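Coordinate inspection notes
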Amino acid sequence: MKNIVVLVSGGGTNLQALIDAQESGLIKGGKITCVISSKPGVYALERAKAHDIPSRVIPRKEYPDSIEYSKAILSALKEENADLVVYAGFMTILDELVVREYPNKMMNVHPALIPSFCGKGYYGLRVHEEALKKGVKLTGATVHFVTEVCDGGPIILQKAVEIENGDTPETLQKRVMQQAEWKILPKAVSLFCEDRLVVTDGRVYIK
Ligand code: GAR
């Protein structure tokens, strides 16, 4: 059984999608063993508690820089014996010292079709604001492995979502979550836990 550690910073709807998938038996070969939040008091922590999942708060604000923060996260991941680390709305970029320890063992859900609207500064609502500003007709979500390049790691799954007349960043964010993120994140985690993801030359193949 693989230990899945989920990193969060906010409402935790993607965490909830993972919990729901787990409880419906859709994640074979893995179990969410810990939730780590970069902020105290966020609703994601309530979701973990409601399902008896242990959690830790490692507040970004209490660390002077990204390196010190990354060291704290790394030691927590080691203590938790993490086999898979999932960024589920985790809004902090970790130093590569963490990524190096978990090659192709950390995944992130991003609310756009990478390589569009991604990279440093593109997170949360901002991503949807930019998609609407550009006037794209399709957007969506991507689950990818985390590398030292922000949003640049091998792509695991993507799902497209149509932009509708009258969309606001908020309505679009909600639809992208419902139609894409909450579906592909549990699916990617499940594939990983069944050892069905193979990374070759920066590309992910599903066995
Ligand atoms: C989600 O839309 C997620 O894709 C996004 O933040 C939201 C978190 O929601 N993540 C990023 O923008 C990371 N670059 P949640 O806390 O309800 O899961």
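Everything here concerns the structure above.
One structure accompanies this document, and this report is about it. The structure displayed is predicted, hence computed values, not measured ones. (Residues numbered from 1 in each chain as written. Predicted model: local features only at pLDDT ≥ 70, side-chain atom pairs only at ≥ 80, totals over all residues. Heavy atoms only, no water.)

Some remarks on the nonpolar core
As a reminder, the rule being used: Take the buried residues of types Ala, Val, Leu, Ile, Met, Phe, Trp, Tyr and Cys, join any two whose side-chain atoms come within 4.5 Å, and each joined set is a nonpolar core. We call a residue buried when its accessible area falls under 20% of the maximum for its residue type, exposed when it is over 50%, and partly exposed in between, using a 1.4 Å probe and counting protein chains only. Here, two residues are considered to be in contact whenever any of their heavy atoms come within 4.5 Å of each other.
Grouped together as the largest cluster of nonpolar side chains are 39 residues, with contacts concentrated most on I4, V6, V86, M107, I156 and V189. Setting aside residues up to four positions removed in sequence, I4 forms contacts with I27, G30, K31, I32, T33, C34, L84, V86, V189 and C193. Ranked by size, the runner-up nonpolar core spans 22 residues in total, among them I58, L77, L94 and V98.

Here we look at the environment of C150
Applied cut-off: Secondary structure elements follow DSSP: runs of H or I no shorter than four residues count as helices, runs of E no shorter than two count as strands, and numbering proceeds from the N terminus.
Along the chain, C150 turns up in the loop between β6 (138-145) and β7 (155-162). The exposure class of C150 is partly exposed, given its relative accessible area of 31%. Spatially, the C-alpha atom of C150 lies 11 Å from that of T92, the residues being 58 residues apart in sequence. Discounting chain neighbours no more than four positions away, the residues touching C150 are I93, G119 and K120.

Some remarks on the side chain of D167
Selection rule: N or O atoms within 3.5 Å of each other form a polar contact, as long as, within protein, one can give a hydrogen and the other can take it, and as long as residues adjacent in sequence are counted only when both atoms are side-chain atoms.
Structurally, D167 can be placed in the loop between β7 and α6 (169-193). A polar side-chain atom of D167 sits 2.8 Å from the main-chain amide nitrogen of E164. Discounting chain neighbours no more than four positions away, the residues touching D167 are L132, E162, L172 and R175.

Quick notes on the packing of aromatic side chains
Let me state the cut-off plainly: A pair of Phe, Tyr and Trp rings is counted when the ring centres sit within 6.5 Å of each other, with Trp represented by its six-membered ring. The angle between the planes then sorts it: under 30 degrees is stacked, over 60 is edge-to-face, the rest tilted. A positively charged side chain is recorded as over a ring if its NZ (Lys) or CZ (Arg) lies within 6 Å of the ring centre. The angle to the ring normal must also be within 35 degrees.
The tally for this structure, following the rule as stated, stands at three aromatic pairs. Note on Y63 and Y69: the rings are 5.4 Å apart at their centroids and 70° apart in plane angle, and the pair reads as edge-to-face. On the accessibility criterion, Y69 (1% relative accessible area) is buried. Centroid distance Y87 to F90: 5.4 Å. Interplanar angle 90°. Geometry classified as edge-to-face. Both residues of the pair, Y87 and F90, belong to the buried class. Geometry around Y122 places R126 over its ring, the cationic atom sitting 4.8 Å from the centre.

Here's the deal with the site of the ligand
We count it as follows: The cutoff for a nearby residue is simple: one of its non-hydrogen atoms must lie within 4 Å of the molecule or strand. Gly is put with the polar residues, along with every residue not named as nonpolar or charged; the nonpolar set is Ala, Val, Leu, Ile, Met, Phe, Trp, Tyr, Cys and Pro, and the charged set is Asp, Glu, Lys and Arg.
Near the ligand you find 14 residues, and of these G12, T13, N14, G124 and E181 are the closest. N14 places a polar side-chain atom, nitrogen or oxygen, 2.9 Å from an oxygen atom of the ligand. One nitrogen or oxygen atom from the side chain of E181 is found 2.7 Å from an oxygen atom belonging to the ligand. Of all the elements in the fold, those that place two or more residues in the shell around the ligand are α1 (13-23), β5 (106-110) and α6. Split into classes, the residues belonging to the shell around the ligand amount to six nonpolar, seven polar and one charged.

What about unusual backbone geometry?
It is generally the case that most residues other than glycine have a negative phi and that most peptide bonds are trans. For the bond running from I114 to P115, omega is 20°, close enough to zero to count as cis. Of note in this structure, F117 is not a glycine but carries a positive phi near 45°. Within the element layout of this structure, F117 appears in the loop between β5 and α5 (125-134). The backbone of D151 shows a phi angle near 60°, a positive value even though the residue is not glycine. Residue position: D151 is located in the loop between β6 and β7.

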